[in-house]
There are 2 protein chains.
Amino acid sequence: MVEKDNGVIGAGAPSGEERGLHSEGTLLIRRLERLAPLHDDDRRALLELPIRAKAHYADQDIVREGDRPTECGLVLKGFVFRHKLVADGRRQIVSFNPAGEIPDLQSLYLPRLDYSIGTLVPTRMGYVPHQALRALVQSRPSIAAALWREIVVEASIFREWMVSLGRRSAYQRVAHLLCEIGLKLEMAGHGTRSEYEFPVTQSELADALGISTVHANRVVQELRRTNIVVWRGSSVTILDWRALQEAGEFDPAYLHIQ
Amino acid sequence: MVEKDNGVIGAGAPSGEERGLHSEGTLLIRRLERLAPLHDDDRRALLELPIRAKAHYADQDIVREGDRPTECGLVLKGFVFRHKLVADGRRQIVSFNPAGEIPDLQSLYLPRLDYSIGTLVPTRMGYVPHQALRALVQSRPSIAAALWREIVVEASIFREWMVSLGRRSAYQRVAHLLCEIGLKLEMAGHGTRSEYEFPVTQSELADALGISTVHANRVVQELRRTNIVVWRGSSVTILDWRALQEAGEFDPAYLHIQ
DNA sequence: CGCATGTTTGAGTTCGTTCAATTAGCGTGG
DNA sequence: CCACGCTAATTGAACGAACTCAAACATGCG
């Protein structure tokens, strides 16, 4: 019932590396502009960033806990997630990152990665050398401010996830996550808050919400049974946004939109 | 059996406001120096920051979710925690912050606070206007780097808490937290990793770990019964650090010390 | 001494887990 | 076009970690 290989890049085959994808810079600009006003010079500087594009297969770790990256990865196309392993082999997913996000921005100032980044689907990443990004941060205050906000909003999302993991029921967690992903994707221009593509398996969903796969399945079914959500394969349709929002106690303030 | 009012500030009575506590700046310097090398000029600039010191009673919220602070609060003495409320009146504590930390550093770039800050004990805070701090960030790259790291390490701690909340048993969560607090306090120069003051009630502990008060109590008793920890009132003594670390699957890498 | 806050204990309940199949969807090769 | 094999989704049943409720016990303080 699920097809994760929705042919984002050909048949999922990485087509090697490309260089100087000038146009890809606009993705970054659009995102940062939502967080802080940018000057023309800022935009120009962003466009001149050296970006090395690279394609990755689905279900692959692209960096691992403990790595010391020398560049930051911007998700150009696809969907990634960050996760941490625990002793018995289980894992906790700590974020989902659609195209437009920079899941290892922190590596700019912290050498050692404390999580892994994996792909949900075939994904194209754009890698920007730390050096180049650091130079921008020092010469362009608005870009520094935007990146700072990026980090800080992300921390806010972590806190909200902590609330879900610690104090919400499994049902509420699923509802809350679906609202969050909807808003995130809508902001990034991928679908609307109530109709979008979210290519996770129920097992990935469970690992993000701190529940078992079996239980994730039952909760999703419950959401379907009550006609709040249609979720087939990777396409999510929220039939009753208000009901979902209430079910998950979802208050978007923590996303700091605007 | 618990005495939270351990006379941090007289009998817990705020002694009003003080201004220009020049010496308090050194606390901030010591902390930032651990995160990034500082120049003499940087130190001087930090010492010249206008700091308004203010005392707060125990068990008081000093800022609330939704507030829009115009200054950042440095914990000078005492202990605070950040928390978020959920609909039914329960809450999730998302961090504990001993003296030396700046629990609302993010407000520098995000106007609206998405959590509340409360005191565990009588606490003295030092407030630094955003304006002054922003000026420093723009004029002194090393200070900017240190603050950036501060934020990013904090996000790393959030992720580790998510792992605890999502994938560790109650027993592991308590063990993990005790290790973390021990290291944090030792780094900050308050006691050692295996002998320190942690002035939380079991109810606060429970709210941080996403469990019920009753269960928190039972787990703490278990830790005592096995002679791993002595925890009387607010003073924690870890008799067997190695055992505690193993019990909580504690790997300090996520604290990014060094 | 008595109140207030915090800790401890017991007992019944529940939400979510684990284990173990079964079913469904889809790509591949014949 | 169909059988095979893979992955993911679904189901049932027994179990268990943690919860709730309710009461008792400590301890510090005025």
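Here the structure is a predicted model, which is why all the values come from computation and not from measurement.

Caption draft 1: Representation of the environment of A175 of chain A. Residue and element names in this part refer to chain A. Its location among the elements puts A175 in helix α5 (residues 170-187). Along the chain, A175 and E246 lie 71 residues apart, while their C-alpha atoms are 8.5 Å from each other. Not counting chain neighbours up to four residues away, the residues in contact with A175 comprise L223, L244, A247 and G248.

Caption draft 2: Geometry of the packing of aromatic side chains. Applying the stated criterion across every chain, the model contains 15 aromatic pairs over all chains. Pairing F96 of chain A with W161 of chain A gives two aromatic rings, centres 6.2 Å apart and planes at 55°, and the pair type is tilted. Linking F96 of chain A in strand β6 (residues 91-98) with W161 of chain A in helix α4 (residues 141-167), this pair joins segments that are 65 residues apart in sequence. With respect to burial, F96 of chain A and W161 of chain A carry one shared label: buried. Three or more aromatic residues link up through ring pairs in this structure, and these residues are F79, F96, W161, F198 and W231 of chain A. Geometry around W241 of chain A places R193 of chain A over its ring, the cationic atom sitting 5.6 Å from the centre. Above the ring of Y109 of chain B, the side-chain terminus of R134 of chain B is found at 6.0 Å from the ring centroid.

Caption draft 3: Structural detail: the confidence of the model for chain A. The predicted model of chain A has a mean per-residue pLDDT of 91, with 91% of residues at 70 or higher. Between residues 1-13 of chain A, whose pLDDT stays under 50, and residues either more than four places distant or in other chains, the model counts 25 contacts.

Procedures and definitions
Residues numbered from 1 in each chain as written. Chains lettered and ligands numbered in written order. Predicted model: local features only at pLDDT ≥ 70, side-chain atom pairs only at ≥ 80, totals over all residues. Heavy atoms only, no water. Helix = DSSP H or I, 4+ residues; strand = E, 2+ residues; numbered from the N terminus. Contact = heavy atoms within 4.5 Å. Phe/Tyr/Trp six-rings, centres within 6.5 Å; stacked < 30°, edge-to-face > 60°. Buried < 20%, exposed > 50% of the residue type's maximum accessible area, 1.4 Å probe, protein only. Lys NZ or Arg CZ within 6 Å of the ring centre and 35° of its normal. pLDDT = per-residue confidence, 0-100.

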